[in-house]
Structure formats: C-alpha cells, structure tokens
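What the coordinates show
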Amino acid sequence: QVQLVESGGGLVQPGGSLRLSCAASGSIFSIYDMGWYRQAPGKQRELVANITSRGTTNYADSVKGRFTISRDNAKRTVNLQMNSLKPEDTAVYYCNAALRIRIGAGPYEYWGQGTQVTVSS
C-alpha cells in the first residue's frame, strides 16, 4: 500500500517561512512527477508547484520567487520551502505523486492527507 505522509505545517506570521516535507512509502516501482497543491476554505484545490523526476520545476504565478520545490529520488521525498509567506497562502497543503506500483500499471496519482498552513499575525 502506497502512502504519502506530509509534515511541517503550522502557524507562522506574515513574512515568515515554513518547510513542508512529504515522504512516499510502500510498494513503489517508480515515481514520476511530485508536487504540492493547496486548498483554501471555499476555494478549489490549486497547483502550487511540481517537479519532474529529472528536476524540472513548475510554479504557480502566485508563489514564484517565494517558494522552492525540491526532491530526493533516493529517499522518495519532496519538499516545499516557503518564504515570505502571506495571509493568502493560508490553506491545507497536499502532497501529490504520480507513480507506478509495478510495470505496466499506471502511473496513477496518489495524495497525502494534507497539512494545515496558517499565515496570520
């Protein structure tokens, strides 16, 4: 069974920083894209950033220059360094990964359980 487990959320003041981490575990054959999404109350889930297995990154315009996504393929982890946080960054952040559990099956998308990030003074 595949699991994505996030950590690192919390409460931070505007202008502060947080680092989110996500670790994939279970019977995994290969991992393709990994990324972070977020969902604020009353809004749709949106892409924050993603990264391919080769390290190509993509960011939402709203976080460019403030957030940095990285991954460690050997450890099956993806991280999101969030700097200069704003109140509008407040949301539940979800880890996402496209992966195969065996040859010929997938890739399929998997999601973490979400971690709350609150930016408030």
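Quick notes on the rules
- Every chain is numbered on its own, with residues counted from 1 as its sequence reads.
- In keeping with the predicted nature of the model, local features appear solely for residues at pLDDT of at least 70, side-chain atom pairs appear and are counted solely at 80 or more, and the whole-chain, interface and lining totals rest on all residues.
- The side-chain values count all of the structure's non-hydrogen atoms but skip hydrogen atoms and water molecules.
- Should a side-chain nitrogen of Lys or Arg be within 4 Å of a carboxyl oxygen of Asp or Glu, the pair is scored as a salt bridge.
- Runs of E in the DSSP output that reach at least two residues are strands. Runs of H or I that reach at least four are helices, and both are numbered from the N terminus.
- Whether a residue is buried, partly exposed or exposed follows from its accessible area with a 1.4 Å probe, protein chains only, as a fraction of its type maximum: under 20%, in between, or over 50%, in that order.
- Under the pairing criterion, centres of Phe, Tyr and Trp rings, with the six-membered ring standing for Trp, must be within 6.5 Å; the plane angle then separates stacked pairs below 30 degrees from edge-to-face pairs above 60, leaving the rest tilted.
- Two conditions define a charge sitting above a ring: the NZ of Lys or the CZ of Arg must be within 6 Å of the ring centre, and it must be within 35 degrees of the ring normal.
- With a 1 Å grid laid over protein atoms only, a set of points is called a cavity when a 1.4 Å probe fits there but cannot get out and a pocket when it is open yet has protein on both sides within 12 Å along at least five of seven lines; lining residues have an atom within 4 Å of a point.
- Grid points are joined across faces, edges and corners, and a volume is the space filled by probe spheres set on the points.
- The classification used treats Ala, Val, Leu, Ile, Met, Phe, Trp, Tyr, Cys and Pro as nonpolar, Asp, Glu, Lys and Arg as charged, and all other residues, Gly among them, as polar.
- For this analysis, residues touch if any pair of their heavy atoms sits within 4.5 Å.
- Here, a strand pair is defined by DSSP locating no fewer than two bridges between the strands.

**Comments concerning the pattern of salt bridges**
- A full pass over the atoms with the stated rule returns four salt bridges.
- Residue D89 pairs with R38 through a salt bridge whose shortest N-O separation is 3.0 Å. Of this pair, D89 sits in the loop between β8 (77-82) and β9 (91-100) while R38 sits in strand β4 (residues 30-39), placing them 51 residues apart in sequence.
- In this structure, D89 engages R66 in a salt bridge whose closest nitrogen and oxygen atoms are separated by 2.7 Å. Linking D89 in the loop between β8 and β9 with R66 in the loop between β6 (57-59) and β7 (67-72), this pair joins segments that are 23 residues apart in sequence. Just as D89 is buried, R66 falls in that class too.
- Residues joined by salt bridges that share partners form a network here, namely R38, E46, R66 and D89.

**Some remarks on the packing of aromatic side chains**
- In the structure shown here, the tally under the stated rule is one aromatic pair.
- Aromatic pair Y37 and W111: ring centres 5.0 Å apart, planes at 65 degrees, arrangement edge-to-face. With Y37 in strand β4 and W111 in strand β10 (residues 108-111), the pair connects residues that are 74 residues apart, well separated along the chain.
- Over the aromatic face of Y94 sits the side chain of R45, whose NZ or CZ is 3.8 Å from the ring centroid.
- Taking NZ or CZ as reference, R45 lies 4.6 Å from the ring centre of W111, over its face.

**Quick look at the layout of surface pockets**
- Approximately 160 Å³ is the volume attributed to the largest pocket.
- What lines the largest pocket is a set of 13 residues, among which R38, A40, K43, E46 and E88 lie closest to the centre.
- Grouping the constituent residues of the lining of the largest pocket by class yields two nonpolar, four polar and seven charged.

**Focus on the environment of Q81**
- Relative to the elements of secondary structure, Q81 occurs in strand β8.
- Along the chain, Q81 and S17 lie 64 residues apart, while their C-alpha atoms are 7.5 Å from each other.
- Once residues within four sequence positions are removed from consideration, Q81 is found in contact with S17, L18, R19, R66, F67 and T68.

**Overview of the pairing of strand β11 (residues 115-119)**
- A one-sided burial pattern is seen for β11, the buried positions being T115, V117 and V119 and the unburied ones Q116 and T118.
- As defined by bridge partners, strand β2 (residues 10-12) adjoins β11 across three bridges and the pair is classed as parallel. Bridged to G10 within β11 is V117.
- Sheet topology places β9 next to β11; three bridges connect them, and they run antiparallel. Each bridged residue has a counterpart across the sheet, and for A91 the counterpart in β11 is V117.

So, to be careful, I would describe these as geometric facts and stop short of saying anything about function.
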